[in-house]
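Below, each chain spelled out in residue letters.
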Amino acid sequence: MRHHALNMGEVQGQGYVGQALGSADMLATVYADQLRFRAEDPEWEGRDRFLLSTGHYAIGFYAALAEAGIIGVDELETYGSDGSRLPMSGMSTYTPGMEISGGSLGHGLSIAVGMALGLRHQRSAARVINFLSDGELDEGSTWEAAMGASHHRLGHLTAMVDINALQADGHTGTVLRTEPVADKWSACGWFVRRVDGNDVAALLDAFDSVSAQTDSTGQPSVILCDTRVGKGVPLLENREKAHFMRIETDEWQVCRDQLTAGYEGETQS
């Protein structure tokens, strides 16, 4: 998935590549282990719903859809091009498997709450997983939705928050401090787990805990995922302006080489 993100980014020469690299483990865990879906039928009524509130993370999401078999890997080459089903910001009208048009940050969790309520009224067993960012926690609508989910005991709703400590205007701690963020979610009545979002084993364990807890209490759950922008590519991990990256022509292959070398090193160790 990280290689897919780099290849797509090179088509445009820029983009939200850092977020795609940082959140790849989160998306991989969801699509490889958690979601019920049918790759050949993205509109299957019994599917679990995955909502990408952060529409600008679409480049990473498309990589997940390709690995899940919902779109073809060859289609990734059209990313951001005229007439493509893969626009730079995710839109449900274009892309199979894209449940909502995200990007107006702070709306995703509200939609997820409404969707979870609707599925309950339909007596559906489907789950709703909403992916949002730490920057979205600046938005009041997020916390209204969080309180509503708890009030309605939406145990089939899980939020995943990518805490990469960076947003368009700078570091989240200086734009608007949200810590202690786990306490805030807990105060809203949610079951909370905080993990290293770049550790797949930790993510799997968190989802196991969520399943056990919500089945018995009916609480909505949130997994707070501490991630690193540009994860796996040292050149990008240490780049100062990392929210929307401009990557030079001669740097793309360096990025791929660093990513490959990092995984080979992990295998050897």
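Note that the coordinates shown come from a computational prediction; the quantities given were computed from them, not determined experimentally. (Residues numbered from 1 in each chain as written. Predicted model: local features only at pLDDT ≥ 70, side-chain atom pairs only at ≥ 80, totals over all residues. Heavy atoms only, no water.)

Caption draft 1: Geometry of the packing of helix 4 (residues 108-121) against helix 5 (residues 140-151). The N-to-C vectors of helix 4 and helix 5 enclose an angle of 25 degrees; their axes lie 8 Å apart at closest approach. Considering the angle they form, helix 4 stands roughly parallel to helix 5. The handedness of the crossing between helix 4 and helix 5 is left-handed. Between helix 4 and helix 5, the residues in contact are Leu109, Ser110 and Val113 and Ser141, Thr142, Ala145, Ala146 and Ala149, respectively. A breakdown of the residues in the contact of helix 4 with helix 5 according to their chemical character gives five nonpolar, three polar and no charged. (Axes fitted to C-alpha atoms, helices over the stretch in contact; angles between N-to-C directions. Helix = DSSP H or I, 4+ residues; strand = E, 2+ residues; numbered from the N terminus. Parallel < 35°, antiparallel > 145°, perpendicular 65-115°, else oblique. Left-handed = near helix turned anticlockwise from the far one by under 90°. Contact = heavy atoms within 4.5 Å. Nonpolar A, V, L, I, M, F, W, Y, C, P; charged D, E, K, R; others polar.)

Caption draft 2: The arrangement of the side chain of Ser133 in detail. With respect to the helices and strands, the residue Ser133 is situated in strand 3 (residues 128-133). Classification of Ser133 by relative accessible area gives buried; the value is 5%. Here Ser133 is in contact with Thr54, Tyr57, Val161 and Asp162, once residues within four sequence places are set aside. (Buried < 20%, exposed > 50% of the residue type's maximum accessible area, 1.4 Å probe, protein only.)

Caption draft 3: Inspection of helix 5 at higher detail. Taking 1.5 Å as the rise per residue, helix 5 with twelve residues should run 16 Å; its terminal C-alpha atoms sit 17 Å apart, in good agreement. All of the buried residues in helix 5 are Thr142, Trp143, Ala145, Ala146, Gly148, Ala149 and Ser150. Turning to helix 5, the residues buried within the fold contact helix 4, strand 3, strand 4 (157-163) and helix 7 (181-187). Downstream of helix 5 by one or two residues, Arg153 has phi in the positive range, about 55 degrees. (Expected span 1.5 Å × (residues − 1).)

Caption draft 4: Summary view of helix 4. With 14 residues, helix 4 should cover 20 Å at 1.5 Å per step; its first-to-last C-alpha distance of 20 Å lies within 8% of that length. Within helix 4, the full set of buried residues consists of Gly108, Leu109, Ala112, Val113, Ala116 and Leu119. Mapping the buried residues of helix 4 onto a view down its axis gives an arc of 140 degrees, with all of them on the same face. Packed against the buried residues of helix 4 are strand 2 (49-52), strand 3, helix 5, strand 4 and helix 7. After helix 4 finishes, the residue Arg123 shows a positive phi value of roughly 60 degrees. (Arc of directions from axis to C-beta.)

Caption draft 5: The sheet that holds strand 8 (residues 221-226), seen in detail. What the five strands build is an open sheet, ordered 2-3-4-8-7; its pairing is parallel. Unpaired on one side and paired on the other, strand 2 and strand 7 (191-196) mark the two borders of the sheet. Taking each pair of neighbouring strands and ignoring which way they run, the sheet shows an average axis angle of 20 degrees. The pairing of strand 3 with strand 4 spans six bridges and is parallel. Note on strand 4: the bridge partner recorded for Ser133 is Asp162. (Pairing = 2+ DSSP bridges.)

Caption draft 6: Quick peek at the pattern of salt bridges. Considering all chains together, one arrives at eleven salt bridges under this definition. Measuring nitrogen to oxygen at the nearest pair gives 2.7 Å for the salt bridge that ties Glu75 to Arg85. Of this pair, Glu75 sits in the loop between helix 3 (58-67) and helix 4 while Arg85 sits in the loop between helix 3 and helix 4, and the two are ten residues apart along the sequence. Its salt-bridge partner being Glu237, residue Arg228 comes within 3.0 Å of it at the nearest N-O pair. In this structure Arg228 comes out as partly exposed when scored by relative accessible area, which is 38%. Through salt bridges with shared partners, one network takes in Glu43, Arg47 and Glu99. (Salt bridge = Lys/Arg side-chain N within 4 Å of Asp/Glu carboxyl O.)

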